[in-house]
Structures are given as C-alpha cells and as structure tokens.
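Next come the chains, spelled out residue by residue.
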Amino acid sequence: MKGTYKALEVSAPGNLRVVERSVSEPRAGQVRIRVEACGICHTDAATVTGIYPGLVLPRVPGHEVVGRIEALGSGVSKWKIGQRVGVGFFGGEDGVCEPCRRGDIVNCQNPVIPGVTADGGYAEVMIAEARGIASIPDELTSVESAPLLCAGITTYNALRNAGLRGGDLVAVQGIGGLGHLGIQFARQMGFRTVAIGRGRDKEKLAKDLGAHVYIDAAGDDAAAVLQRMGGARAILATGTSGAAMGSLVSGLAARGKLIVVGVPQDQIQLSAFPLVFGGRSIYGSLAGTAIDTEDALAFSVLENIRPMIETAPLEQAADAYARMMQGKARFRMVLTMAH
C-alpha cells in the first residue's frame, strides 16, 4: 500500500492547498477509512475561514465522508476490513459530560467533529472514531450517501422528532442543500408538504420533489398563506436568511413549531405576540448520532429519497468549495477520489 495520501488542508484562514501526508495507523477505538466520496457542506466555511471556536490549523475539512475501512485500531470489534461506512458532523462523543451522561449524546460538550477537532474527508484517507461511523446500505452509491450524512440526517431527524402526525401541515423554508431533502422527507413521512421559496421558477422543482403546495415568498406573505391553509404544525427553516425565518412564526398553527436547521449569518428577529398567543415555539435541531444516520439512510432507500448533486475530483476541491459558497451548486457538491 502506498505510504502517503493526498489531502486538501486549510493551512491558514482562507488558504486551501493540496498536500501529501503520511498514512498513519488508527489508535484504539478508531478505524482508517479509504475515502471514496466527501460532501462539501456550508458549515465547512467555519473551518476554511478559521472562525470555528477552538479550531487548530492546519486542518483537513469535510464531515460527509463515505469510504471503506482499511485498518482497525485495537478494541474495534463491530466493524470489518473492506466494509463501506460513513461519518457525518457528529463523529463521536466524550461519554463523560452531563449531556452524554443523561443520554443526550448528540449535544456532547466535547464532541469529535471531522474537519474541526480532527482531520476530515477532503482527503484520500481519514481516521475516524469507530463509535461515530455508520454502515452504508448497498442500495446507495458513495456519492449519493455523502450528503445524507449531514443534510440528510439533519432534516430527517428534525422532522421525525417533532411530534408530528401523518397528514399534518408541514412547511419547508428554502429549496437548497437542506431544503430539497427536507421536502422529500416531509412528503414521504406523510405530511401535507408546503415548500417556501423565492421566485416562481422554483415551483416546478418543489413539486417534483414532493411538495403539495408552493409559496413564492418573493410575491406573497408566506405566513399569511400558511394561516389561510389552517396554520403549519411545523416549519422546517433551512434558508440562509434569519429575517425570513423570524417572520414565519406567524404562519404556525397554535402549538406549532419553527424548527431551525439552517444557520444564517444575520439575527433571527422575533415578535413575542405569536409566541405567547398560541403557545408557538422556536428551537434548533442538530444532525444526529451514527445510529440515527443509519435510520435516515434506511428511510432514504425505502422511500427512494436522493440528494441532487454535482461532483468534482479532490484536486478541484477548492473550486468546488467556492462554487458551493457562491450558491451555484445544485444542490450538494461531492468530492470524489481517484482510487
């Protein structure tokens, strides 16, 4: 086996470069993965720009990683050499902080985050914690699976944990990397699905993805339209505008929930009136654990849910990252490895 591998590392804020690294052996409880595909996520910007709290450079970004195990560290018994696995944003927990001790491990205070606390998947080889990896179903290609490890599990978990019932009115704000999967999940979970976008040109895509109704927020008051429909039991906010998110609270039914999974740069402005009068709420939802990810992948196979993707070779990762940041990707960029 070749003793080195290629990786794209952030050597300084804003500086992405291809480097050659030595292959290392996994430590106890770890596996070494020969990467086949890695999705590019908007959250990677926190690594590329160097703003993630506690980030130490150089660092290899990437937390939507699919590949095959080629080495096992001591104490790893569940996984086998050659098995295809994936690792997402949540790459392992410390097991000792209070959230972990209370069983809320996705909110671990000291998590392993590929591309942040450890090197990620913009590389031919990656070391991962065995406790943080998920099995990839044979029905999914590696390229298809990669975005499901972050955007997929994020929207899937947010919807399935919201206490909704079949037939409930559920809106998805934003038809991008997160939203185009959220629409598919909402429809296949049995909800009356409304897509909220900007521009009439997105209506056909929204309905092709499964939306029963499309609201053009550029021409209509989305909250008012939702109220005329009876109010949404939940709105999945996936967009990049905090101002647009906050205004949707008035579109919720009594006891309705605005679930924030997108992370806009601007503040979410809220009026207290619809929160107090109607018992509405707003909260965030973060990805999921490895077993949650396996659930999301299995559901995607069951209901034929797939991400819309563009691919690029690892050597073009910097250009692919820029394309994603400029909003030109439709809808997820995925890096592929030559091997």
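If you're wondering where the values come from, they're calculated on a predicted model, not measured in any experiment.

Colleague: How should I be thinking about the pairing of strand 12 (residues 252-260) in this particular structure?
Modeller: Note on strand geometry: in a regular strand, side chains alternate between the two faces of the sheet. As paired elements, strand 11 (residues 232-237) and strand 12 share 5 bridges and run parallel to each other. Within strand 12, the residue paired with A232 across the bridge is L252. With 4 bridges joining them, strand 12 and strand 13 (residues 281-284) adopt parallel strand pairing. Among the inter-strand pairings, K257 is bridged to a residue of strand 13, identified as S281.

Colleague: Would you mind going over the sheet that holds strand 8 (residues 169-173) with me for this structure?
Modeller: Ordered by their spatial adjacency, 6 strands build an open sheet running 10-9-8-11-12-13, and the pairing between neighbours is parallel. The open sheet has two edge strands with one neighbour each: strand 10 (213-216) and strand 13. Here the strands of the sheet are splayed against their neighbours by 20° on average, with no regard to which way each runs.

Colleague: Even after reading the chapter, I still don't get empty space enclosed by the protein, so can you show me in this structure?
Modeller: Vacant regions in the atomic arrangement are exposed by a probe of water-molecule size rolled over the atoms. Throughout the structure, instances matching the rule amount to 2 cavities of 30 Å³ or more. In this structure, the largest cavity spans a volume of roughly 70 Å³. Lining of the largest cavity is provided by 14 residues; of these, G88, F90, G288, T289 and T293 occupy positions nearest its centre. Listing elements by their share of the lining of the largest cavity, those giving two or more residues are strand 5 (84-87) and helix 9 (290-302). When its residues are assigned to classes, the lining of the largest cavity shows 8 nonpolar, 6 polar and no charged.

Colleague: Quick question: what am I supposed to make of a nonpolar patch on the surface here?
Modeller: Together, F273, V276 and F277 give the surface a local cluster of nonpolar side chains, amounting to about 360 Å² of exposed area. Take V276: it is sitting in helix 8 (residues 272-276).

Colleague: For this particular structure, what's the right way to read the pairing of strand 5?
Modeller: Residues R84 and G86 point to one face of strand 5 and V85 and V87 to the other, with burial holding for every one of them. In this structure, strand 4 (residues 65-72) lies alongside strand 5, joined through 4 bridges in antiparallel fashion. In the sheet register, G67 faces strand 5, and the bridge partner there is V85. Of the pairings in the sheet, the one linking strand 5 to strand 7 (residues 134-135) comprises 2 bridges and is antiparallel in character. Across the sheet, G86 pairs through a bridge with A134, a residue of strand 7.

Colleague: I tried to follow the packing of aromatic side chains on my own but got confused; where do I start?
Modeller: Given two aromatic rings, their pairing is described by the distance between the two centres and the angle made by the two planes. A full pass over the atoms with the stated rule returns 4 aromatic pairs. Ring centres of Y156 and F299 lie 5.5 Å apart, and the angle between their planes is 45°; on these two criteria the pair is classed as tilted. Of this pair, Y156 sits in helix 3 (residues 142-160) while F299 sits in helix 9, and the two are 143 residues apart along the sequence. On the basis of relative accessibility, which here comes to 7%, the residue Y156 falls in the buried class. Aromatic pair F273 and F277: ring centres 4.5 Å apart, planes at 20°, arrangement stacked.

Colleague: I keep staring at the side chain of Q30 and nothing clicks. Help me out?
Modeller: The residue Q30 is located in strand 3 (residues 30-40) in this model. Exposure remark for Q30: the relative accessible area of 6% places this residue in the buried category. Of note is the side chain of Q30, whose polar atom sits 2.8 Å from the backbone nitrogen of R27. When neighbours within four sequence positions are excluded, Q30 is seen to be in contact with L72, G73, V76, I127, A128, E129 and A130.

Colleague: I would appreciate a short explanation of the layout of surface pockets in the present structure.
Modeller: Computed from the structure, the second largest pocket encloses a volume of approximately 380 Å³. In terms of lining, the second largest pocket is formed by 24 residues, of which the most central are Q30, A118, D119, I127 and A128. Elements with a minimum of two residues in the lining of the second largest pocket: strand 2 (15-22), strand 3 and strand 6 (125-129). Residue contributions to the lining of the second largest pocket peak at 5 residues, all from strand 6. In terms of residue class, the lining of the second largest pocket is built from 13 nonpolar, 5 polar and 6 charged.

Colleague: Even after reading the chapter, I still don't get unusual backbone geometry, so can you show me in this structure?
Modeller: Negative phi values dominate among residues other than glycine, just as trans dominates among peptide bonds. The omega torsion across L57 and P58 is 5°, close enough to zero to call that bond cis. Structurally, the position occupied by P58 is in the loop between helix 1 (45-48) and strand 4. Across the junction of R330 and F331, the peptide omega takes the value -5°, indicating a cis bond. Counting through the fold element by element, F331 comes out in the loop between helix 10 (317-325) and strand 15 (332-336). Located in the positive-phi region is A287, a residue other than glycine, with phi close to 35°. If you trace the backbone, A287 turns up in the loop between strand 13 and helix 9. The backbone of N304 shows a phi angle near 55°, a positive value even though the residue is not glycine. Secondary-structure assignment places N304 in the loop between helix 9 and strand 14 (309-313). Residue class for N304 comes out exposed when judged on its relative accessible area of 57%.

Colleague: It is not clear to me how the pattern of salt bridges should be interpreted in this structure. Could you clarify?
Modeller: It is possible for side chains of opposite charge to pair when their charged atoms get near one another. Counted by the stated rule, this structure contains 21 salt bridges. A salt bridge links R306 to E144; its shortest N-O distance comes to 3.6 Å. Residue R306 is located in the loop between helix 9 and strand 14, and its partner E144 is located in helix 3; the two are separated by 162 residues in the primary sequence. Close ionic contact of R160 with D292 constitutes a salt bridge, the shortest N to O distance being 3.0 Å. Here the residue R160 occupies a position in helix 3, and D292 occupies one in helix 9, the gap between them amounting to 132 residues. Where salt bridges share partners, they join E9, R17, R21, R59 and D119 into one cluster.

Rules behind the numbers
Residues numbered from 1 in each chain as written. Predicted model: local features only at pLDDT ≥ 70, side-chain atom pairs only at ≥ 80, totals over all residues. Heavy atoms only, no water. Pairing = 2+ DSSP bridges. Helix = DSSP H or I, 4+ residues; strand = E, 2+ residues; numbered from the N terminus. Axes fitted to C-alpha atoms, helices over the stretch in contact; angles between N-to-C directions. 1 Å grid on protein atoms, 1.4 Å probe; cavity = no way out; pocket = protein on both sides within 12 Å on 5 of 7 lines; lining within 4 Å. Points joined across faces, edges and corners; volume = space filled by probe spheres on them. Nonpolar A, V, L, I, M, F, W, Y, C, P; charged D, E, K, R; others polar. Patch = residues over 30% accessible without salt bridge, like charges linked within 9 Å, V, L, I, M, F, W, Y side chains within 5 Å. Areas by Shrake-Rupley, 256 points an atom, 1.4 Å probe, with all protein chains shown as cover. Salt bridge = Lys/Arg side-chain N within 4 Å of Asp/Glu carboxyl O. Buried < 20%, exposed > 50% of the residue type's maximum accessible area, 1.4 Å probe, protein only. Phe/Tyr/Trp six-rings, centres within 6.5 Å; stacked < 30°, edge-to-face > 60°. Polar contact = N/O pair within 3.5 Å; in protein donor to acceptor, adjacent residues only side chain to side chain. Contact = heavy atoms within 4.5 Å.

Read these as spatial facts, not as claims about activity.
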